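# Topology and contacts: notes
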Amino acid sequence: MFNLKNIRSDFPILAKTRNNKPFIYFDNAATTQKPKVVIDKICDFYSNYNSNIQRGMYFLADKATSEYEKSREIISKFLNSNLKEEIIFTSGTTHSVNMVAFGYLKKLVSKGDEVLIGEMEHHANIVPWQVIASKLELKIIPIKCCENGKIKLDDLIKKINPKVKLLAIQHISNITGHENNIKKICSIAHKKNVRVFVDGAQAVSHKNINLQDLNCDFYSFSGHKCFGPTGVGVLFGKRELLLEMDPFFFGGNMINKVSFSESSWGQLPHKFEAGTSNIAGVIGLGASIKYLLSLGFSEIQKREGLLIEKMWAELYSNENIIIQSSAPPDSPILSFNIKKLHSYDIGSLLDEMNICVRTGQLCAQPAIKAFDVSGFIRASLCFYNTENEIEEFISSIKKIIKIL
Amino acid sequence: MSLETNTSKIIKEFSFFESWEEKYEYLIDLGKSLGPFPEDLRNDFNLVAGCQAKVWLVCKNEQGKLFLQGDSDAIITRGLVGLLITIFNNCCVDEVSQSNNFFLEKIGLNKHLSMTRSNGINEMIKKIRLYCLNNG
């Protein structure tokens with residue numbers, strides 16, 4: 001059973017106040033708060049077994065390496081990847097996209113080939129492809145999206161041709177909270193021999209990810225958006241593709257042999273983990289995934305479903321609120337505008353009322369352009385938010401409309 | 001008009017306010033009191049970079065005195081433009097180029113307006129000072 005009081009007490013920051021009042025944290029799509037088990041796990045590493053991994057022949061290094069590799073196992077099971085070597089630790093989703101863009105794409109393409117990208121992607125899933133495309137003389141073709149932020153499958157089908165080699169797509173929109181049907185998209189793409197890279201940054205904290213079912217070629221996410229530390233993330237790639245892919249960074253842990261005439265790289269996954277990894281971060285990420293699994297995704301989804309339903313009903317029925325999408329989101333992320341008002345003004349006044357939301361272009365300028373707005377107010381919730389917080393948020397919005 | 005007189009006037013005004021609502025109300029009114037901004041000046045050249053809202057700011061040196069015109073597509077930011085115009089308008093260009101941001105702290109607005117880059121007030125002040133440095 002989901003005990004909200006206990007769960008909130010798992011997160012030390014939620015008990016903090018500002019101007020002697022509790023605050024409402026509705027910016028979970030930017031980063032989630034951290035449970036004490038994650039904070040403790042990181043402290044435990046630095047306090048009790050801090051050492052470098054993989055190489056040291058002593059007890060501290062053994063313990064650190066084993067905890068680090070345990071995280072890989074936890075994440076491999078969590079994502080249901082075939083092999084734990086398919087889980088590469090990165091600094092986050094942006095790093096993961098860059099690794100595939102700069103290490104793998106060149107293996108697939110020749111001059112004039114095309115890369116498809118959803119028109120409402122986060123900048124991190126556009127710009128790396130754009131930069132490498134200009135070097136390799138490829139074309140970037142945007143796929144049209146519906147008003148709910150999901151790509152239009154008929155546009156995808158229309159745009160796939162023999163020149164298209166890769167599709168980069170988000171699992172869940174960081175603006176609308178709607179979910180792309182990755183399984184179907186992969187099946188369409190694979191039939192035409194197109195590889196699929198999935199940005200899972202907004203999905204991992206809200207739903208069970210089954211890579212065997214989705215069948216995408218690459219999947220990535222950031223630790224800090226799923227209750228883990230900042231500066232750590234994951235790239236999953238199918239083994240045969242990772243074997244083909246070149247490293248993006250060189251040196252340190254990824255090395256096999258080095259001489260001044262040539263060098264060679266280690267096996268998977270080490271080949272992609274150059275330098276000293278974010279060891280504390282990886283170990284903390286393992287703890288955050290364990291925490292999520294202990295709550296259970298069916299309970300999380302039930303709870304978050306209730307919250308977003310309430311939020312949607314309140315906002316959608318308000319005549320001053322403009323929401324682009326006509327159906328409630330699949331995950332608790334909701335972006336909207338208030339008639340005649342700028343999102344910046346709303347965000348500033350919500351801050352005065354101790355409510356944290358994101359406003360502006362949400363790191364997705366092409367999407368903002370497609371929606372034809374100057375920005376959004378985005379409220380992104382998660383299971384530790386409460387019905388009371390939603391009510392206070394709605395009454396604060398009404399108050400702001402009056403002030404402005 | 002000296003920068004010091006303008007600043008102390010604003011600091012005094014703000015010292016009367018007890019709640020954030022009053023401060024914002026005053027700021028919003030400052031924005032409303034701005035004259036119409038000429039359409040031909042609403043261009044990319046006059047845009048202040050680094051604000052979440054759009055802010056246009058035009059500086060002019062008229063016989064050693066600074067004259068500002070500005071606007072924004074957001075209400076609070078327009079108020080901030082109004083605040084800066086109240087403070088800097090008609091001051092000696094040389095004086096502005098050597099000024100600092102202490103008034104932001106004094107009026108207590110920095111406690112309320114987060115000084116993140118999305119706010120842009122620092123960028124606006126930077127633009128004004130840079131103009132004064134180059135055109136003094």
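My aim in this report is to walk through the structure given alongside it, one point at a time.

Residue and element names in this part refer to chain A. If you trace the seven strands from one edge of the open sheet to the other, you get S4-S10-S9-S8-S7-S5-S6, paired in mixed fashion. Two strands lie at the open edges of the sheet, namely strand S4 (87–90) and strand S6 (139–143), each paired on one side alone. Direction aside, neighbouring strands of the sheet carry axes that sit 20° apart on average. Across three bridges, the pairing between strand S8 (residues 195–199) and strand S9 (residues 218–222) is parallel. Among the inter-strand pairings, Val-198 is bridged to a residue of S9, identified as Tyr-219. Across the face of the sheet, helix H6 (residues 127–136) comes into contact with strand S5 (114–118), S6 and strand S7 (164–170) while running at roughly 145° to S6.

A few words on the nonpolar core. All names here are of chain A. Val-196 and Cys-216 are the most contacted members of the largest nonpolar core, which has 106 residues in total. Looking at which element gives the most residues to this core, the answer is helix H11 (residues 279–295), with eight residues. Structurally, this core is a two-domain feature, drawing no fewer than three residues from each of domain 1 (4–34 + 296–403) and domain 2 (39–293). For Val-196, the contacting residues outside a window of four places in its chain are Leu-167, Ile-169, Ile-185, Cys-186, Ala-189, Cys-216 and Asp-217.

Once that is clear, we can look at the interface of chain B and chain A. Taken together, the contacts link 13 residues of chain B with 11 residues of chain A. Elements that contribute at least two residues to the side of chain B that touches chain A include exactly helix H2 (20–32) and helix H3 (75–88) of chain B. Here the residues of the side of chain B that touches chain A are counted per class, giving seven nonpolar, five polar and one charged.

What follows deals with unusual backbone geometry. The omega torsion of the bond from Leu-268 of chain A to Pro-269 of chain A falls at 0°, within 30 degrees of zero and hence cis. Note that Pro-269 of chain A resides in the loop between strand S12 (263–265) and H11. Although it is not a glycine, Phe-227 of chain A adopts a positive phi angle of roughly 75°. Its place among the elements puts Phe-227 of chain A in the loop between S9 and strand S10 (233–237). Accessibility expressed as a C-beta count within 10 Å gives 28 for Phe-227 of chain A, which makes it buried. The backbone of Gln-63 of chain B sits at a positive phi, close to 50°, despite the residue not being glycine. Turning to its location among the elements, Gln-63 of chain B is positioned in the loop between strand S1 (55–62) and strand S2 (65–72).

Thresholds, definitions, all that
- Residues numbered from 1 in each chain as written.
- Chains lettered and ligands numbered in written order.
- Predicted model: local features only at pLDDT ≥ 70, side-chain atom pairs only at ≥ 80, totals over all residues.
- Pairing = 2+ DSSP bridges.
- Helix = DSSP H or I, 4+ residues; strand = E, 2+ residues; numbered from the N terminus.
- Axes fitted to C-alpha atoms, helices over the stretch in contact; angles between N-to-C directions.
- Contact = placed C-beta atoms within 7 Å.
- Core = buried A, V, L, I, M, F, W, Y, C linked by C-beta atoms within 7 Å.
- Buried ≥ 20, exposed ≤ 12 C-beta atoms within 10 Å, placed from the backbone.
- Domains from an automatic or database assignment.
- Nonpolar A, V, L, I, M, F, W, Y, C, P; charged D, E, K, R; others polar.

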